[in-house]
Amino acid sequence: MSHTLGIRQAQKQKTRQALLDAALGLLEEQSLSSLGLREVTRAVGVAPTAFYRHFRSTADLGVELVEEALGSLHPMIESTVSAAGDSDERIARAVDLIARHVDAHPAHVRFIARERHGGVQPVREAIRRQLARFAEEVSVALAEHPEAEEWSDEDLLMLAGLYVDQMLMTASQFLEALEGSAEERDRVTRMAVQRMRLISIGRHHWMD
C-alpha cells in the first residue's frame, strides 16, 4: 500500500511540475493575466479538471512560479554580499552571479521582470515579499561589515534595497542582451559594475 501511495505521490508531483514548466513556457510570449488554464493543461496533455488538483487558479500557479524563480537565490545572494573581499570584489561577484543566473534561467527572469508590475495582484505581492526578504537578508549581511558600525537598521535596509533593485535591473538588461553580441554583454557588465560602485561610494560617505 505504501509503495502504491509513493508512486501516486511521485506521479502527482511530476504532473504538478509539468504544469509549472508548461506555464513558464507559454509565458515567454504573454502575461499571466492572459494565460488560460486550458492552454496549460493542453500543453501537458491532461484534462482541464486535473489542473485543480494542483492549483486553485492560474494566480496560484503564478505565485508558485515566483517561489521557483526567486526562492533558491536567497543563500546565493546573501553569501555574495557577506563573502570576504573588498567592495569591488563583492560587486564583481554579484554581477557575475546575475549573468550566470540569467544564462541558466532566462524564462524565470523574464517572468519576474514582466509580472513584477503585472495585472495579477497575488503574484505582484509574492514578488514584492521575495524582494523585501532579499533586502532584509542583504541588510543583515551588510551590518557585519566594519563600515556599517554606526548605521541604523533603517539606513541599512534602505541601502540593501538599492542593491536589490540594481540586481533586478541588471538581470533584466542581461536578459535583453542574451541574443546580442559579446560587446553588448560586456557593456551591460560594465554599466552594472559602475552603478553598484556608485551606490558603494555613497555608502562610504553616508555618515559624513
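Residues numbered from 1 in each chain as written. Predicted model: local features only at pLDDT ≥ 70, side-chain atom pairs only at ≥ 80, totals over all residues. Heavy atoms only, no water.

J.: How do you make sense of the overall build of the chain when you look at a structure like this?
T.: A count of helical and extended segments in the chain gives 10 helices and 0 strands. Ordered by position in the sequence, the α and β elements of the chain form the string α-α-α-α-α-α-α-α-α-α. Projected onto its principal axes, the C-alpha positions of the chain cover 65 × 40 × 30 Å. Among the 208 residues that make up the chain, the fraction classed as buried is 41%. The contacts in the chain between residues at least 6 apart in sequence include a share of 67% that link residues at least 24 apart. Here the chain has roughly 11700 Å² of accessible surface; of this, 53% comes from carbon and sulfur atoms. (Helix = DSSP H or I, 4+ residues; strand = E, 2+ residues; numbered from the N terminus. Buried < 20%, exposed > 50% of the residue type's maximum accessible area, 1.4 Å probe, protein only. Contact = heavy atoms within 4.5 Å. Areas by Shrake-Rupley, 256 points an atom, 1.4 Å probe, with all protein chains shown as cover.)

J.: What is the right way to look at helix α4 (residues 58-70) in this model?
T.: Side chains three or four residues apart in an α-helix point the same way, a direct result of the helix having 3.6 residues per turn. The terminal C-alpha atoms of α4 lie 18 Å apart, and with 13 residues this matches the ideal 18 Å at 1.5 Å per residue to within 8%. The set of residues buried in α4 consists of Ala59, Asp60, Leu61, Gly62, Leu65, Val66, Ala69 and Leu70. (Expected span 1.5 Å × (residues − 1).)

J.: What's the story with the environment of glycine 36 in this structure? I'm lost.
T.: Secondary-structure assignment places glycine 36 in the loop between α1 (2-26) and α2 (37-44). Glycine 36 sits 21 residues away from threonine 15 along the chain, and the two C-alpha atoms are 17 Å apart.

J.: Any chance you could explain the environment of glutamate 136 here in plain terms?
T.: Here glutamate 136 lies in helix α8 (residues 121-143). Taking the C-alpha atoms as reference points, glutamate 136 and alanine 160, separated by 24 residues in sequence, lie 7.2 Å from one another.

J.: Is there a simple way to explain the packing of aromatic side chains in this structure?
T.: For any pair of aromatic rings, geometry is given as the distance between the ring centres together with the angle between the planes. Under the definition given, this model contains 3 aromatic pairs. An aromatic cluster is present here, built from Phe51, Tyr52 and Phe55 joined pairwise through their rings. (Phe/Tyr/Trp six-rings, centres within 6.5 Å; stacked < 30°, edge-to-face > 60°.)

J.: Could you clarify how one ought to interpret the nonpolar core in this entry?
T.: The nonpolar side chains of a soluble globular protein tend to be buried, and buried together. By size, the foremost hydrophobic cluster in this structure holds 60 residues, and its most contacted members are Leu65, Val66, Ile77, Phe111, Ile112 and Leu142. Apart from residues lying up to four places away in sequence, valine 66 is in contact with Gly71, Phe111, Ile112, Val123, Ala126, Ile127 and Gln130. (Core = buried A, V, L, I, M, F, W, Y, C linked by side-chain atoms within 4.5 Å.)

J.: For this particular structure, what's the right way to read the pattern of salt bridges?
T.: Pairing between side chains of opposite charge can happen when the charged atoms of each approach one another. Applying the stated rule across the entire model yields 9 salt bridges. Between aspartate 88 and arginine 197 there is a salt bridge, with the nearest N and O atoms lying 3.4 Å from each other. Linking aspartate 88 in helix α6 (residues 87-104) with arginine 197 in helix α10 (residues 182-205), this pair joins segments that are 109 residues apart in sequence. (Salt bridge = Lys/Arg side-chain N within 4 Å of Asp/Glu carboxyl O.)

J.: Would you mind going over a nonpolar patch on the surface with me for this structure?
T.: Side chains of Met158, Leu162, Trp206 and Met207 sit close together on the surface and give an oily, nonpolar patch of about 390 Å² of accessible area. Along the chain, leucine 162 falls in helix α9 (residues 153-176). With relative accessibility at 43%, the residue leucine 162 sits in the partly exposed group. (Patch = residues over 30% accessible without salt bridge, like charges linked within 9 Å, V, L, I, M, F, W, Y side chains within 5 Å.)

J.: Explain the packing of α4 against helix α7 (residues 106-115) to me, please; I cannot follow it from the model alone.
T.: Packed helices, taken two at a time, are described by their axes: the angle between them and the distance between them. Contact pair α4 / α7: the axes reach a minimum separation of 10 Å and the direction vectors enclose 125°. Taken together, the axis directions place α4 and α7 in an arrangement best described as oblique. Along this stretch, α4 crosses α7, giving a crossing that reads as left-handed. From α4, Gly62, Leu65, Val66, Glu68, Ala69 and Leu70 reach across to α7, where they touch His108, Phe111 and Ile112. (Axes fitted to C-alpha atoms, helices over the stretch in contact; angles between N-to-C directions. Parallel < 35°, antiparallel > 145°, perpendicular 65-115°, else oblique. Left-handed = near helix turned anticlockwise from the far one by under 90°.)

J.: What exactly am I supposed to notice about the confidence of the model for the chain here?
T.: Close reading of the predicted structure is inappropriate where its pLDDT is low. Confidence in the prediction of the chain, expressed as mean pLDDT, is 90, and 95% of residues score 70 or more. Summarising per-element confidence for the chain, the mean pLDDT is lowest in helix α5 (residues 74-82) (72) and highest in α4 (96). (pLDDT = per-residue confidence, 0-100.)

J.: Mind showing me how you'd approach the environment of aspartate 165 here?
T.: Residue placement: aspartate 165 occurs in helix α9. Here the alpha-carbon distance between aspartate 165 and alanine 135, two residues 30 residues apart in the chain, equals 9.1 Å.

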